[in-house]
Amino acid sequence: MRLREFTLQDAPLVLALLTDPDFIRNVTDRGVHTLEDAGNYISRGPLASYAQHGIGLWCMERLEDGQPVGMCGLIRREGLADVDVGYTLLPAWRGLGYASEAAATCVQYGLTQLRLPRVVAYINADNQASARVLQKAGLHGCGPFDFPGSSLPTLLFSSDTAMAQS
């Protein structure tokens, strides 16, 4: 798995990822419905984050053939203290270990290279597949979290074992 910065040429991938019914159900509807919307999302989201924070969501590509399969990265959200790891894959590439590999890489990058005190993740409480991905990536369940602006029950995961539920 290789992680690289998004470019505007990745709009078809981003459109497919953000319109996937599982993404909308488990994360949110980002209002991306056209290639133009996807390009605007890339500009205002990942590209702006790279410029402002040096991190963001990155394109996930398979090493063997360069096939883009999803996105994964580190996100600094306004109003939240910790950097979180986020990811999504196209349906055809789920269950093959790509999400776990990419999430673990991002967590380790945040902790070792960026020297963050911890990396966290927020997931829909019903999303057991994401819970397994995060555990494989080295994060620990910390219980419910009141995610700003979301009405979905949300769980917090953290690399900081002191925050984890016993």
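Residues numbered from 1 in each chain as written. Predicted model: local features only at pLDDT ≥ 70, side-chain atom pairs only at ≥ 80, totals over all residues. Heavy atoms only, no water.

As named in an unreviewed UniProt entry, the protein is N-acetyltransferase, taken from Aquitalea palustris.

## What about the nonpolar core?
Put simply, the test is: For this analysis, a nonpolar core means a set of buried residues of the types Ala, Val, Leu, Ile, Met, Phe, Trp, Tyr and Cys, connected via side-chain atoms within 4.5 Å. Each residue's exposure class comes from its accessible area (1.4 Å probe, protein chains only) as a fraction of the maximum for that residue type: buried when under 20%, exposed when over 50%, partly exposed otherwise. In what follows, a contact means two residues having at least one pair of non-hydrogen atoms within 4.5 Å.
Counting 46 residues, the largest nonpolar core has F6 and V85 as the members making the most contacts within it. In this structure, F6 is in contact with L13, V14, I42, P46, L47, Y50, L57, W58, C59, G70 and M71, ignoring residues within four places of it in sequence. Residues L80, V120, Y122 and F147 belong to the second largest nonpolar core, which totals six residues.

## A word on the pattern of salt bridges
It is possible for side chains bearing opposite charge to pair when their charged atoms get close. To keep it simple, the criterion reads: By convention in these notes, a salt bridge is any Lys or Arg side-chain nitrogen within 4 Å of a carboxyl oxygen on Asp or Glu. Numbering goes from the N terminus for both helices and strands, where a helix is a DSSP run of H or I of at least four residues and a strand is a run of E of at least two.
Within this structure, the stated rule accounts for 11 salt bridges. Close ionic contact of D20 with R94 constitutes a salt bridge, the shortest N to O distance being 2.7 Å. Here D20, found in the loop between α1 (11–18) and α2 (21–26), pairs with R94, found in the loop between β4 (83–89) and α4 (98–113); they are 74 residues apart in sequence, far enough to count as distant. Residue classification places D20 among the buried residues on the basis of a relative accessible area of 10%. Across the pair D160 and R118 runs a salt bridge whose closest N-O atoms are separated by 3.5 Å. Here the residue D160 occupies a position in the segment after β7 (154–158), and R118 occupies one in the loop between α4 and β5 (120–124), the gap between them amounting to 42 residues. Judged by relative accessible area, which is 22%, D160 ranks as partly exposed.

## Focus: the side chain of T154
The condition is simple: Any pair of nitrogen or oxygen atoms within 3.5 Å is treated as a polar contact; in protein, a donor-acceptor pairing is required on top of that, and neighbouring residues in sequence qualify only through side-chain atoms on both sides.
Considering the arrangement of structural elements, one finds T154 in strand β7. For T154, a relative accessible area of 8% puts it in the buried group. Within the local environment of T154, its side chain forms a polar contact with the backbone oxygen of L152, the two atoms lying 3.0 Å apart. With residues up to four places along the chain from it excluded, the contact list for T154 reads Y122, I123, A125, G143, P144, F145 and F147.

## A short note on the pairing of β4
Convention followed: Being paired, for any two strands, means DSSP has found at least two bridges between them.
Burial runs high along β4: seven of the seven residues are buried. Note that strand β3 (residues 68–76) and β4 share seven bridges and pair antiparallel. Bridge pairing in β4 links R76 to V83.

## So, the environment of G54
Tracing the backbone shows G54 in the loop between α3 (35–53) and β2 (57–61). C-alpha of G54 to C-alpha of N127: the two residues are 73 residues apart in sequence and 29 Å apart in space.

## A few points about helix α5 (residues 128–136)
Defined as follows: What the arc describes is the spread of directions from the helix axis to the C-beta atoms.
Within α5, the full set of buried residues consists of S130, A131, V133 and L134. All buried residues of α5 lie within an arc of 160 degrees about the axis, which places them on one face of the element. Considering only its buried residues, α5 is in contact with β4, α4, β5 and β7. Two residues or fewer after α5 comes G138, characterised by a positive phi angle close to 95 degrees.

## Structural notes on unusual backbone geometry
A positive phi angle is found at R115, which is not glycine, with a value near 55 degrees. Topologically, R115 is positioned in the loop between α4 and β5. Here R115 falls in the exposed class, since its relative accessible area comes to 70%.

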